[in-house]
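This is what each chain is made of:
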Amino acid sequence: MRQPLHNIIRYIFGIIVLTSTTSIVAQVDAQYSQYFEVPNYYNPAAIGTTDFVKLRGGTRIQWAGIENAPQSFVMMGDMPFKFLNKRFGAGLLMQQESMGLYKNLAVGAQIAYKFKFLKGELSGALQIGLLNESFKGSEVFIPDNDDFHEGNDDAIPTTDINGNALDLGLGFFYTHKLFWAGLSCTHVNSPTITMNAESGEGGNEKNYEFQAGRTLYFMAGSNIPIKNTLFEVMPSLLVKSDFTFTTGEITGRVRYNKFLTAGIGYRYNDAIIATIGAEYKNIYLGYSYDYHLSEISKASSGSHEIMAGYKLKLDFSEKNKNKHKSIRIM
(Lines give C-alpha, C1' and ligand atoms only; values in the text may rest on other atoms or scores of the structure.)
Protein backbone atom coordinates (compact mmCIF):
# COMPACT_ATOMS: atom_id res chain seq x y z
CA MET A 1 0.00 0.00 0.00
CA ARG A 2 2.92 2.36 0.58
CA GLN A 3 3.92 2.67 -3.06
CA PRO A 4 0.51 3.90 -4.37
CA LEU A 5 0.27 6.32 -1.46
CA HIS A 6 3.75 7.62 -2.21
CA ASN A 7 2.71 8.21 -5.82
CA ILE A 8 -0.39 10.09 -4.66
CA ILE A 9 1.73 12.39 -2.51
CA ARG A 10 3.95 13.09 -5.51
CA TYR A 11 0.82 13.78 -7.59
CA ILE A 12 -0.52 16.21 -5.02
CA PHE A 13 2.79 18.05 -4.84
CA GLY A 14 2.81 18.22 -8.64
CA ILE A 15 -0.44 20.16 -8.53
CA ILE A 16 0.15 22.44 -5.57
CA VAL A 17 3.81 23.36 -5.97
CA LEU A 18 3.94 26.64 -7.82
CA THR A 19 6.84 28.71 -9.04
CA SER A 20 7.26 32.47 -9.01
CA THR A 21 8.14 32.59 -12.70
CA THR A 22 5.80 30.06 -14.29
CA SER A 23 2.03 29.78 -14.33
CA ILE A 24 0.76 26.30 -13.60
CA VAL A 25 -2.31 25.46 -15.69
CA ALA A 26 -4.64 22.98 -14.01
CA GLN A 27 -8.23 21.78 -14.00
CA VAL A 28 -9.96 22.85 -10.80
CA ASP A 29 -13.50 21.54 -11.29
CA ALA A 30 -14.56 18.85 -8.84
CA GLN A 31 -15.72 15.44 -9.99
CA TYR A 32 -19.21 14.29 -9.02
CA SER A 33 -20.56 10.86 -9.88
CA GLN A 34 -24.12 12.21 -9.49
CA TYR A 35 -23.51 14.85 -12.14
CA PHE A 36 -27.13 14.45 -13.27
CA GLU A 37 -28.25 15.87 -9.92
CA VAL A 38 -26.06 18.98 -10.15
CA PRO A 39 -26.00 19.78 -13.90
CA ASN A 40 -25.69 23.52 -13.34
CA TYR A 41 -22.36 22.95 -11.59
CA TYR A 42 -21.00 22.00 -15.01
CA ASN A 43 -23.38 24.06 -17.17
CA PRO A 44 -24.85 27.41 -16.06
CA ALA A 45 -27.65 27.06 -18.63
CA ALA A 46 -29.12 24.07 -16.75
CA ILE A 47 -31.08 26.38 -14.43
CA GLY A 48 -34.77 27.22 -14.29
CA THR A 49 -35.75 24.17 -16.33
CA THR A 50 -38.87 23.59 -14.21
CA ASP A 51 -41.42 25.68 -12.31
CA PHE A 52 -39.61 24.95 -9.04
CA VAL A 53 -37.09 26.59 -6.79
CA LYS A 54 -34.47 23.86 -6.48
CA LEU A 55 -31.81 23.53 -3.80
CA ARG A 56 -29.02 20.97 -3.97
CA GLY A 57 -26.05 20.20 -1.76
CA GLY A 58 -23.57 17.38 -1.49
CA THR A 59 -20.18 16.16 -0.45
CA ARG A 60 -17.67 13.77 -1.97
CA ILE A 61 -14.88 11.86 -0.24
CA GLN A 62 -12.37 10.80 -2.86
CA TRP A 63 -10.14 7.76 -2.27
CA ALA A 64 -11.40 6.94 1.21
CA GLY A 65 -8.67 5.59 3.48
CA ILE A 66 -5.91 7.76 2.04
CA GLU A 67 -4.79 10.62 4.22
CA ASN A 68 -5.20 14.10 2.69
CA ALA A 69 -7.04 12.74 -0.35
CA PRO A 70 -9.41 15.15 -2.14
CA GLN A 71 -12.69 16.12 -0.52
CA SER A 72 -15.26 18.40 -2.08
CA PHE A 73 -18.47 20.13 -1.08
CA VAL A 74 -21.05 21.86 -3.26
CA MET A 75 -24.21 23.90 -2.65
CA MET A 76 -26.43 25.43 -5.31
CA GLY A 77 -29.88 26.75 -5.99
CA ASP A 78 -31.81 27.83 -9.07
CA MET A 79 -35.24 29.02 -10.13
CA PRO A 80 -37.12 30.30 -13.19
CA PHE A 81 -38.58 33.79 -13.45
CA LYS A 82 -40.29 35.98 -16.00
CA PHE A 83 -39.31 39.47 -17.09
CA LEU A 84 -41.07 41.43 -19.85
CA ASN A 85 -43.02 38.25 -20.56
CA LYS A 86 -39.77 36.38 -21.30
CA ARG A 87 -38.59 33.32 -19.44
CA PHE A 88 -35.27 33.37 -17.58
CA GLY A 89 -33.42 31.26 -15.06
CA ALA A 90 -31.28 32.38 -12.13
CA GLY A 91 -28.87 30.37 -10.05
CA LEU A 92 -26.19 30.54 -7.36
CA LEU A 93 -23.48 28.04 -6.51
CA MET A 94 -20.64 27.53 -4.09
CA GLN A 95 -18.08 24.76 -4.30
CA GLN A 96 -15.01 23.97 -2.21
CA GLU A 97 -12.41 21.28 -2.68
CA SER A 98 -9.41 20.46 -0.51
CA MET A 99 -6.48 18.19 -1.29
CA GLY A 100 -3.72 18.04 1.24
CA LEU A 101 -2.48 21.57 1.86
CA TYR A 102 -4.20 22.89 -1.25
CA LYS A 103 -7.75 24.28 -1.34
CA ASN A 104 -9.93 26.02 -3.90
CA LEU A 105 -13.22 27.85 -3.45
CA ALA A 106 -15.55 28.87 -6.27
CA VAL A 107 -18.68 30.99 -6.02
CA GLY A 108 -20.81 32.07 -8.94
CA ALA A 109 -24.04 33.70 -10.06
CA GLN A 110 -25.83 32.33 -13.13
CA ILE A 111 -28.37 33.91 -15.47
CA ALA A 112 -30.02 32.15 -18.42
CA TYR A 113 -32.33 33.30 -21.20
CA LYS A 114 -34.83 30.72 -22.50
CA PHE A 115 -36.83 30.41 -25.69
CA LYS A 116 -38.80 27.80 -27.57
CA PHE A 117 -36.82 25.86 -30.16
CA LEU A 118 -37.73 22.75 -32.19
CA LYS A 119 -40.55 21.64 -29.87
CA GLY A 120 -38.31 22.11 -26.85
CA GLU A 121 -36.66 24.88 -24.88
CA LEU A 122 -33.14 26.19 -25.44
CA SER A 123 -31.25 28.13 -22.78
CA GLY A 124 -28.15 30.26 -23.15
CA ALA A 125 -26.39 31.29 -19.95
CA LEU A 126 -23.53 33.22 -18.42
CA GLN A 127 -21.85 32.55 -15.09
CA ILE A 128 -19.89 35.25 -13.29
CA GLY A 129 -17.95 34.21 -10.24
CA LEU A 130 -14.88 34.34 -8.07
CA LEU A 131 -12.20 31.67 -7.84
CA ASN A 132 -10.02 31.51 -4.74
CA GLU A 133 -6.93 29.33 -4.47
CA SER A 134 -4.93 28.81 -1.27
CA PHE A 135 -2.00 26.73 -0.08
CA LYS A 136 -0.93 26.08 3.53
CA GLY A 137 2.77 26.58 3.00
CA SER A 138 3.33 26.93 6.73
CA GLU A 139 2.48 23.23 7.11
CA VAL A 140 4.84 21.93 4.42
CA PHE A 141 7.07 19.14 5.68
CA ILE A 142 9.81 17.64 3.54
CA PRO A 143 11.53 14.59 5.08
CA ASP A 144 15.30 14.35 5.14
CA ASN A 145 16.82 12.64 2.12
CA ASP A 146 13.74 13.42 0.01
CA ASP A 147 14.41 12.35 -3.58
CA PHE A 148 12.06 14.88 -5.18
CA HIS A 149 12.41 18.21 -3.34
CA GLU A 150 15.07 20.15 -1.49
CA GLY A 151 14.28 21.74 1.84
CA ASN A 152 15.18 25.19 0.52
CA ASP A 153 13.42 24.83 -2.85
CA ASP A 154 12.02 28.28 -3.75
CA ALA A 155 9.28 26.59 -5.74
CA ILE A 156 7.68 25.40 -2.51
CA PRO A 157 5.96 28.13 -0.48
CA THR A 158 6.87 28.18 3.19
CA THR A 159 4.08 30.56 4.22
CA ASP A 160 0.32 30.44 3.69
CA ILE A 161 -0.58 31.96 0.33
CA ASN A 162 -3.86 32.69 -1.42
CA GLY A 163 -5.33 34.69 -4.26
CA ASN A 164 -8.55 35.49 -6.13
CA ALA A 165 -9.56 36.01 -9.73
CA LEU A 166 -12.67 36.68 -11.79
CA ASP A 167 -14.01 33.44 -13.22
CA LEU A 168 -16.44 33.19 -16.17
CA GLY A 169 -18.49 30.36 -17.64
CA LEU A 170 -20.79 29.90 -20.63
CA GLY A 171 -23.34 27.26 -21.49
CA PHE A 172 -26.23 26.11 -23.67
CA PHE A 173 -28.86 23.64 -22.50
CA TYR A 174 -31.73 22.09 -24.42
CA THR A 175 -34.73 20.28 -22.95
CA HIS A 176 -37.25 18.26 -24.94
CA LYS A 177 -39.96 15.86 -23.87
CA LEU A 178 -37.73 13.00 -25.03
CA PHE A 179 -34.27 14.10 -23.87
CA TRP A 180 -32.01 16.84 -22.50
CA ALA A 181 -28.51 17.90 -23.57
CA GLY A 182 -26.03 20.65 -22.82
CA LEU A 183 -22.69 22.06 -23.94
CA SER A 184 -20.65 24.37 -21.73
CA CYS A 185 -17.23 25.80 -20.98
CA THR A 186 -15.97 26.62 -17.50
CA HIS A 187 -13.15 29.09 -16.79
CA VAL A 188 -13.68 30.69 -20.19
CA ASN A 189 -11.27 33.51 -19.36
CA SER A 190 -8.68 30.99 -18.09
CA PRO A 191 -8.11 33.12 -14.97
CA THR A 192 -4.59 33.47 -13.62
CA ILE A 193 -4.51 33.72 -9.85
CA THR A 194 -1.54 35.45 -8.25
CA MET A 195 -1.08 33.91 -4.83
CA ASN A 196 0.53 36.11 -2.19
CA ALA A 197 1.57 35.38 1.37
CA GLU A 198 -1.18 36.00 3.88
CA SER A 199 1.33 37.66 6.18
CA GLY A 200 4.92 38.73 5.96
CA GLU A 201 7.15 41.71 5.44
CA GLY A 202 6.50 43.75 2.33
CA GLY A 203 9.01 43.37 -0.42
CA ASN A 204 10.19 39.96 0.78
CA GLU A 205 7.13 38.02 -0.29
CA LYS A 206 7.20 35.78 -3.33
CA ASN A 207 4.31 35.59 -5.76
CA TYR A 208 3.08 32.27 -7.09
CA GLU A 209 0.74 31.93 -10.05
CA PHE A 210 -1.98 29.40 -10.68
CA GLN A 211 -3.97 29.32 -13.91
CA ALA A 212 -7.34 27.57 -14.17
CA GLY A 213 -7.61 25.92 -17.57
CA ARG A 214 -10.69 26.07 -19.76
CA THR A 215 -12.76 22.91 -19.61
CA LEU A 216 -15.45 21.81 -22.05
CA TYR A 217 -18.42 19.69 -20.95
CA PHE A 218 -21.06 17.84 -22.90
CA MET A 219 -23.88 16.15 -21.02
CA ALA A 220 -27.06 14.46 -22.13
CA GLY A 221 -29.75 12.14 -20.88
CA SER A 222 -33.32 10.97 -21.15
CA ASN A 223 -36.27 9.52 -19.23
CA ILE A 224 -37.77 6.51 -21.03
CA PRO A 225 -41.00 5.16 -19.51
CA ILE A 226 -41.51 1.40 -19.66
CA LYS A 227 -44.98 0.87 -21.04
CA ASN A 228 -47.67 -0.35 -18.65
CA THR A 229 -45.33 -0.21 -15.64
CA LEU A 230 -44.29 2.30 -12.99
CA PHE A 231 -40.66 2.03 -14.11
CA GLU A 232 -38.63 4.36 -16.28
CA VAL A 233 -35.07 4.06 -17.60
CA MET A 234 -32.82 7.10 -17.31
CA PRO A 235 -29.56 6.90 -19.28
CA SER A 236 -27.11 9.82 -19.13
CA LEU A 237 -23.53 10.71 -19.96
CA LEU A 238 -20.93 13.36 -19.22
CA VAL A 239 -17.86 14.09 -21.36
CA LYS A 240 -15.21 16.61 -20.34
CA SER A 241 -12.04 17.90 -21.94
CA ASP A 242 -9.39 20.47 -21.00
CA PHE A 243 -8.05 20.36 -24.59
CA THR A 244 -5.23 18.08 -23.42
CA PHE A 245 -7.03 15.27 -21.65
CA THR A 246 -10.52 13.99 -22.47
CA THR A 247 -12.57 11.59 -20.41
CA GLY A 248 -16.18 10.71 -19.79
CA GLU A 249 -18.66 8.59 -17.93
CA ILE A 250 -21.95 6.93 -18.74
CA THR A 251 -24.73 6.07 -16.30
CA GLY A 252 -27.82 3.91 -16.53
CA ARG A 253 -30.52 4.27 -13.86
CA VAL A 254 -33.98 2.84 -13.29
CA ARG A 255 -36.62 4.76 -11.32
CA TYR A 256 -39.73 3.24 -9.75
CA ASN A 257 -42.90 5.28 -9.29
CA LYS A 258 -40.87 8.50 -9.32
CA PHE A 259 -39.68 7.52 -5.87
CA LEU A 260 -36.79 5.03 -5.77
CA THR A 261 -33.84 5.13 -8.17
CA ALA A 262 -30.90 2.77 -8.63
CA GLY A 263 -28.23 2.53 -11.27
CA ILE A 264 -24.71 1.79 -12.34
CA GLY A 265 -22.13 3.83 -14.20
CA TYR A 266 -18.66 3.63 -15.70
CA ARG A 267 -16.01 6.34 -15.76
CA TYR A 268 -13.43 5.74 -18.47
CA ASN A 269 -10.27 4.10 -17.13
CA ASP A 270 -11.20 5.07 -13.58
CA ALA A 271 -14.18 3.53 -11.81
CA ILE A 272 -17.39 1.57 -11.76
CA ILE A 273 -20.10 3.52 -9.96
CA ALA A 274 -23.17 2.36 -8.08
CA THR A 275 -25.85 4.90 -7.20
CA ILE A 276 -29.14 4.90 -5.33
CA GLY A 277 -31.63 7.68 -4.59
CA ALA A 278 -35.05 8.43 -3.22
CA GLU A 279 -37.47 11.36 -3.49
CA TYR A 280 -40.36 11.94 -1.13
CA LYS A 281 -42.52 15.07 -0.87
CA ASN A 282 -40.03 17.27 -2.73
CA ILE A 283 -37.06 16.05 -0.68
CA TYR A 284 -34.29 14.15 -2.46
CA LEU A 285 -31.44 12.03 -1.05
CA GLY A 286 -28.86 10.19 -3.13
CA TYR A 287 -25.70 8.17 -2.57
CA SER A 288 -23.02 6.84 -4.90
CA TYR A 289 -20.00 4.61 -4.45
CA ASP A 290 -17.03 4.47 -6.81
CA TYR A 291 -14.97 1.28 -7.07
CA HIS A 292 -11.72 2.34 -8.70
CA LEU A 293 -10.18 0.22 -11.42
CA SER A 294 -6.67 1.68 -11.22
CA GLU A 295 -3.83 0.91 -8.82
CA ILE A 296 -5.35 3.43 -6.41
CA SER A 297 -7.72 0.67 -5.30
CA LYS A 298 -4.80 -0.99 -3.47
CA ALA A 299 -4.60 1.98 -1.10
CA SER A 300 -8.23 3.11 -1.02
CA SER A 301 -11.56 1.50 -0.23
CA GLY A 302 -13.26 3.64 -2.89
CA SER A 303 -14.97 7.01 -3.12
CA HIS A 304 -18.24 8.04 -1.48
CA GLU A 305 -20.68 10.77 -2.43
CA ILE A 306 -23.91 12.03 -0.85
CA MET A 307 -26.38 14.44 -2.45
CA ALA A 308 -29.47 16.01 -0.88
CA GLY A 309 -32.02 18.46 -2.21
CA TYR A 310 -35.34 20.20 -1.85
CA LYS A 311 -37.70 21.77 -4.38
CA LEU A 312 -40.56 24.23 -3.96
CA LYS A 313 -43.30 24.78 -6.54
CA LEU A 314 -43.64 28.29 -7.97
CA ASP A 315 -47.03 29.65 -8.97
CA PHE A 316 -46.72 31.59 -12.20
CA SER A 317 -49.47 33.89 -13.34
CA GLU A 318 -52.00 32.97 -16.01
CA LYS A 319 -52.42 29.52 -14.46
CA ASN A 320 -48.98 28.38 -15.59
CA LYS A 321 -49.97 28.45 -19.24
CA ASN A 322 -46.26 28.31 -20.11
CA LYS A 323 -45.66 25.48 -17.67
CA HIS A 324 -42.52 23.49 -18.53
CA LYS A 325 -42.20 19.88 -17.53
CA SER A 326 -38.66 18.68 -16.90
CA ILE A 327 -37.65 15.29 -18.17
CA ARG A 328 -34.75 15.27 -15.72
CA ILE A 329 -34.92 13.70 -12.31
CA MET A 330 -35.48 16.32 -9.65
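This text goes with the structure placed above it.
Residues numbered from 1 in each chain as written. Predicted model: local features only at pLDDT ≥ 70, side-chain atom pairs only at ≥ 80, totals over all residues. Heavy atoms only, no water.

1. What to know about the overall build of the protein
Turning to step 1, where the next piece is worked out: When you go through the protein residue by residue, the secondary structure sums to 3 helices and 18 strands.
Turning to step 2, where the next piece is worked out: In the protein, of all internal contacts separated by at least 6 residues, the share reaching a separation of at least 24 is 59%. (Helix = DSSP H or I, 4+ residues; strand = E, 2+ residues; numbered from the N terminus. Contact = heavy atoms within 4.5 Å.)

2. Here we look at the nonpolar core
Turning to step 1, where the next piece is worked out: Counting 22 residues, the largest nonpolar core has Tyr-32, Tyr-41 and Tyr-42 as the members making the most contacts within it.
Turning to step 2, where the next piece is worked out: Elements represented by at least two residues in this core include exactly helix H2 (39-42), strand S3 (71-83) and strand S11 (215-221).
Turning to step 3, where the next piece is worked out: Those residues in contact with Tyr-42 that sit more than four places away from it in its chain are Ala-30, Gln-31, Tyr-32, Tyr-35, Ser-184, Thr-186, Tyr-217, Met-219 and Leu-238.
Turning to step 4, where the next piece is worked out: One finds Tyr-102, Phe-135, Met-195 and Phe-210 within the second-largest nonpolar core, a separate group that totals 14 residues. (Core = buried A, V, L, I, M, F, W, Y, C linked by side-chain atoms within 4.5 Å. Buried < 20%, exposed > 50% of the residue type's maximum accessible area, 1.4 Å probe, protein only.)

3. Describing the pattern of salt bridges
Turning to step 1, where the next piece is worked out: The full count for this structure, using the stated rule, is 13 salt bridges.
Turning to step 2, where the next piece is worked out: Put simply, Arg-56 and Glu-37 hold a salt bridge, and the shortest N to O gap is 3.0 Å. One end of the pair, Arg-56, is in strand S2 (residues 52-61); the other, Glu-37, is in the loop between strand S1 (24-26) and H2, with 19 residues separating them in the sequence. No difference in accessibility class separates Arg-56 from Glu-37, as the two residues are buried.
Turning to step 3, where the next piece is worked out: Where Glu-305 meets Arg-60, a salt bridge forms, and the shortest distance between an N and an O atom there is 2.9 Å. With Glu-305 in strand S18 (residues 303-313) and Arg-60 in strand S2, this residue pair connects regions lying 245 residues apart in the sequence.
Turning to step 4, where the next piece is worked out: Taken together, the shared-partner salt bridges in this structure form one network comprising Arg-60, Glu-249, Arg-267, Asp-270, Asp-290 and Glu-305. (Salt bridge = Lys/Arg side-chain N within 4 Å of Asp/Glu carboxyl O.)

4. Quick notes on the side chain of Asn-43
Turning to step 1, where the next piece is worked out: Take Asn-43: it is sitting in the loop between H2 and S2.
Turning to step 2, where the next piece is worked out: Beyond its immediate chain neighbours, meaning those up to four positions away, Asn-43 contacts Gly-171, Phe-172, Phe-173, Gly-182, Leu-183, Ser-184 and Met-219.

5. Here's the deal with the side chain of Ser-288
Turning to step 1, where the next piece is worked out: Locating Ser-288 in the fold gives a position in strand S17 (residues 283-292).
Turning to step 2, where the next piece is worked out: Those residues in contact with Ser-288 that sit more than four places away from it in its chain are Ser-33, Gln-34, Ile-273, Ala-274, Thr-275, Ser-303, His-304 and Glu-305.

6. Some remarks on the packing of aromatic side chains
Turning to step 1, where the next piece is worked out: Inspection of the entire model under this criterion finds 12 aromatic pairs.
Turning to step 2, where the next piece is worked out: Where Tyr-41 meets Tyr-42, the ring centres are 4.9 Å apart and the plane angle is 80 degrees; that geometry is what we call edge-to-face.
Turning to step 3, where the next piece is worked out: Seen in terms of ring centroids, Tyr-102 and Phe-210 are 5.9 Å apart; in terms of plane orientation they differ by 35 degrees. Their pairing is tilted. Of this pair, Tyr-102 sits in strand S5 (residues 102-117) while Phe-210 sits in strand S10 (residues 208-212); the two residues are 108 residues apart in sequence, bridging distant segments of the chain. With respect to class, Tyr-102 is no different from Phe-210; both count as buried.
Turning to step 4, where the next piece is worked out: What links up through ring pairs into an aromatic cluster is the set Tyr-32, Tyr-41, Tyr-42 and Tyr-217.
Turning to step 5, where the next piece is worked out: The ring centre of Phe-52 lies 5.2 Å from the NZ or CZ of Lys-313, which sits over that ring. (Phe/Tyr/Trp six-rings, centres within 6.5 Å; stacked < 30°, edge-to-face > 60°. Lys NZ or Arg CZ within 6 Å of the ring centre and 35° of its normal.)

7. Quick look at unusual backbone geometry
Turning to step 1, where the next piece is worked out: We note that Leu-84 has phi near 55 degrees; this positive angle belongs to a residue other than glycine.
Turning to step 2, where the next piece is worked out: On the secondary structure map, Leu-84 appears in the loop between S3 and strand S4 (86-99).
Turning to step 3, where the next piece is worked out: In this structure Leu-84 comes out as exposed when scored by relative accessible area, which is 69%.

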